[in-house]
Amino acid sequence: MTARDAAGLYREAAVTTAGPAQLVALLYDGALAAIGCARRHLDGDRPDPEAAHRELTRAQDILVELQMSLDHGAGGDISSSLDALYDFCLDRLVAANLAKDTRPLQPVTTVLLELRDAWNGAVVAATLTGEPAA
């Protein structure tokens, strides 16, 4: 078994055993990783637009999954705000993909890092208070 195979098995196990709160964190991390890969494919010594397209599409798919998981009935204003942020990020990802330009990726990275950090903070706070995280 190669290291890559082992890493894939580890990721699969992490996803299949994660609770809902952990899945959201994994989705944020996955989107950020895909954006980082796309940036490297676009800015590297040997640009690879096809690989960048795959990674940007992967990031878009993850954001759509996050968006579809919003519970607007229970989430109220927070769900609406997240929905708008996800729309903004999706728009910027599409712009980066069409232009094969990394500049639209910076605000997406900033938004997703802030959302991930806020989410992780909320999960920790909920764990400390004994409340359900998600």
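I will try to describe carefully the structure that is included in this document. (Residues numbered from 1 in each chain as written. Predicted model: local features only at pLDDT ≥ 70, side-chain atom pairs only at ≥ 80, totals over all residues. Heavy atoms only, no water.)

### Details of the overall build of the protein
Okay, step 1: Per the secondary structure count, the protein includes 5 helices and 0 strands.
Okay, step 2: Secondary structure of the protein in N-to-C order comes out as α-α-α-α-α.
Okay, step 3: Contacts in the protein between residues far apart in sequence, at least 24 positions, make up 59% of those at least 6 positions apart.
Okay, step 4: When the accessible surface of the protein is summed, it comes to about 8,300 Å², and 58% of that surface belongs to carbon and sulfur atoms. (Helix = DSSP H or I, 4+ residues; strand = E, 2+ residues; numbered from the N terminus. Contact = heavy atoms within 4.5 Å. Areas by Shrake-Rupley, 256 points an atom, 1.4 Å probe, with all protein chains shown as cover.)

### With respect to the environment of L26
Okay, step 1: For L26, the position within the fold is in helix α2 (residues 20–43).
Okay, step 2: Along the primary structure L26 and I62 are separated by 36 residues, whereas in three dimensions their C-alpha atoms are 9.9 Å apart.

### Section: the pattern of salt bridges
Okay, step 1: Going through the model one piece at a time under the given rule, you end up with 5 salt bridges.
Okay, step 2: Among the ionic pairs, D101 bridges to R103, the shortest N-O distance being 2.7 Å.
Okay, step 3: When its relative accessible area of 17% is taken as the criterion, D101 is described as buried.
Okay, step 4: With a closest N to O distance of 3.3 Å, D117 and R116 form a salt bridge.
Okay, step 5: One salt-bridge network, held together by shared partners, links D29, R116 and D117. (Salt bridge = Lys/Arg side-chain N within 4 Å of Asp/Glu carboxyl O. Buried < 20%, exposed > 50% of the residue type's maximum accessible area, 1.4 Å probe, protein only.)

### A closer look at the environment of Q60
Okay, step 1: Following the sequence through the fold, Q60 ends up in helix α3 (residues 49–68).
Okay, step 2: Excluding residues that lie within four positions of it along the chain, Q60 makes contacts with L90, L93, V94 and N97.

### Observations regarding the nonpolar core
Okay, step 1: Counting residues in hydrophobic clusters, the biggest one holds 24 residues, and the most contacted among them are Y28, L63, Y86, L93 and L112.
Okay, step 2: Elements with a minimum of two residues in this core: α2, α3, α4 (72–99) and α5 (105–129).
Okay, step 3: By residue number, the principal contributor to this core is α2, which donates 7 residues.
Okay, step 4: Filtering out sequence-adjacent residues up to four positions away, L63 remains in contact with Y86, C89, L90, L93 and L112. (Core = buried A, V, L, I, M, F, W, Y, C linked by side-chain atoms within 4.5 Å.)

### Observations concerning α3
Okay, step 1: For α3, which comprises 20 residues, the first-to-last C-alpha distance of 28 Å matches the rise-based estimate of 28 Å (1.5 Å per residue) to within 8%.
Okay, step 2: Along α3, the residues that are buried comprise A51, A52, E55, L56, A59, Q60, I62, L63, L66 and Q67.
Okay, step 3: Along its buried surface, α3 packs onto α2, α4 and α5. (Expected span 1.5 Å × (residues − 1).)

### Concerning α5
Okay, step 1: Its 25 residues place the ends of α5 36 Å apart at the C-alpha level, agreeing with the 36 Å of an ideal helix rising 1.5 Å per residue.
Okay, step 2: Residues of α5 that are buried include every one of L105, V108, T109, V111, L112, L115, V123 and A126, and no others.
Okay, step 3: Close packing links the buried residues of α5 with α2, α3 and α4.

### Some remarks on the side chain of T109
Okay, step 1: Inspection of the secondary structure assignment puts T109 in helix α5.
Okay, step 2: Residue classification places T109 among the buried positions, given a relative accessible area of 12%.
Okay, step 3: Those residues in contact with T109, other than ones at most four positions away along the chain, are L32, I35 and R39.

Read these as geometric descriptors, not functional statements.
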